[in-house]
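Close look at the chain arrangement
The chain contents come next:
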Amino acid sequence: MSPEDGLHQLELNLHPNEASGLLAIEDGGLLRFRGWDLGFWAVLDEGEIQDCIALIGHREGLGMGEGWEIERLRALPEGGRPKKTADAEAIARRGGLVYAFGSHFGRKDGPLQPKRGFVARFREDAVEPSGLEVGLQIYRRSFRLHRLINDALREGGPELMPLREATRRAFVEATVRRGREEGKAWSGMVREGDYPLNFEGAAFREDGTLLLGLRFPTAADGRPVLVELEGVERLFEGALPEVRGFLVVDAVGRGGGMAGVRDLALTRGPEGEELHLVTGNVDSREGKSVLVRDYPEGKDTVATHFRCLLPEGGGSGCLAARFVREFPELPRVEGIAVSGDRFFYVTDEDEGVHLRSTRLLAG
């Protein structure tokens, strides 16, 4: 990215320094109380969800390259002591409710972990401005969304990249075996023939349906896959949402043969709903990643921002995407948000978290 892009960079310090998603704050009262002219919600992926929601704000009257602050939300789980959660990867808004999603995945060498399969939400307008305190609802019934989406993939999903042997053993066989041998209540929810799912992006459409971006699996030709869910709020009412369809997006950056979603953002343009997505490698190259070893064509895919128009009415299909910009030196672009006339990106690098901004591109 060149200097004329208007790129600014801020290093954030709020342990744990592992940001995963970004969403513009819309509550004007909260912004005014803090003295901010714009702000973002961010999720951090190293800890339990009640400890891993942060606010990033920009001090009113200062230039974009200065005046940034970061604070932690004091989220209080409702309904007593919740089950353990981990690995928040996406954040999205429907009306006044902000939703956070766990990856539903596992460690780099497997197996899948129930604590990563959560959905949480809070009311943005209920955040107490001085103490930044709010009640947090947490849904964590093990592998319910895993089962729902795998069944829908099997019944009518796109053709997927075949599940290779090491990945199958590490994430599916090992999870099935653990559930059976340890007598887990969720035993049977993960089955032979399933795909391990890794949620990394989320955005609500104007009609209230939710787009979930998968980092894994991808379509058979390596293109990233979106799942469209109707009624995600039902999780907090004792019921399940419905899978409305799957979208395969022509959004693979250079340097690789497959790409997974890193984050999603939605805007309204003159032609309709426009989806912005960052895609990249199927797993980070650090550590003992089974996916990276099993799918080397997805190891070095350059993190890239694409945009595409969404079809009206939902349903499955393929989406053409237009290139916006790439990040060849930043493999860990973890979040994207839109505020005013700018895109904002959150990245992990040099054991820190950086917020970057650039002006929207016209046309």
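Rules behind the numbers
- Residues numbered from 1 in each chain as written.
- Predicted model: local features only at pLDDT ≥ 70, side-chain atom pairs only at ≥ 80, totals over all residues.
- Heavy atoms only, no water.
- Helix = DSSP H or I, 4+ residues; strand = E, 2+ residues; numbered from the N terminus.
- Contact = heavy atoms within 4.5 Å.
- Core = buried A, V, L, I, M, F, W, Y, C linked by side-chain atoms within 4.5 Å.
- Buried < 20%, exposed > 50% of the residue type's maximum accessible area, 1.4 Å probe, protein only.
- pLDDT = per-residue confidence, 0-100.
- Pairing = 2+ DSSP bridges.
- Axes fitted to C-alpha atoms, helices over the stretch in contact; angles between N-to-C directions.

**Comments concerning the side chain of H146**
- Along the polypeptide, H146 turns up in helix α2 (residues 144-156).
- Sequence-distant contacts of H146, defined by excluding residues within four places in its chain, comprise L112, M189, V190, D194, Y195 and L197.

**Some remarks on the nonpolar core**
- Counting residues in each nonpolar core, the largest one holds 47 residues, and the members touching the most others are Y99, F101, V119, I149, L210 and L212.
- The biggest single contributor to this core is α2, with five residues.
- Ignoring any residue separated from it by four or fewer positions in sequence, one finds F101 in contact with D87, A88, E89, A90, F118, V119, A202, L210, L212 and V232.
- Membership of the second largest hydrophobic core comes to 23 residues, among which are L30, I49, F118 and F122.

**Some words on the confidence of the model for the protein**
- Mean pLDDT over the protein stands at 92; residues scoring 70 or higher make up 93%.
- Below pLDDT 50 for its whole length, residues 1-7 participates in 13 contacts with residues either more than four positions away or in separate chains.

**Some points on the sheet that holds strand β14 (residues 242-249)**
- What the five strands build is an open sheet, ordered β11-β12-β13-β14-β18; its pairing is mixed. The sheet terminates laterally at β11 (198-204) and β18 (317-319), the two strands that pair on one side only. Put simply, the sheet's adjacent strands are angled 30° from each other on average, direction ignored.
- Where β14 meets β18, three bridges bridge the pair, whose relative direction is parallel. Opposite L247, over in β18, you have G317 as the bridge partner.
- Sitting on the sheet, α2 is in contact with β11, β12 (210-216), β13 (225-230) and β14, with an inclination near 65° to β14.

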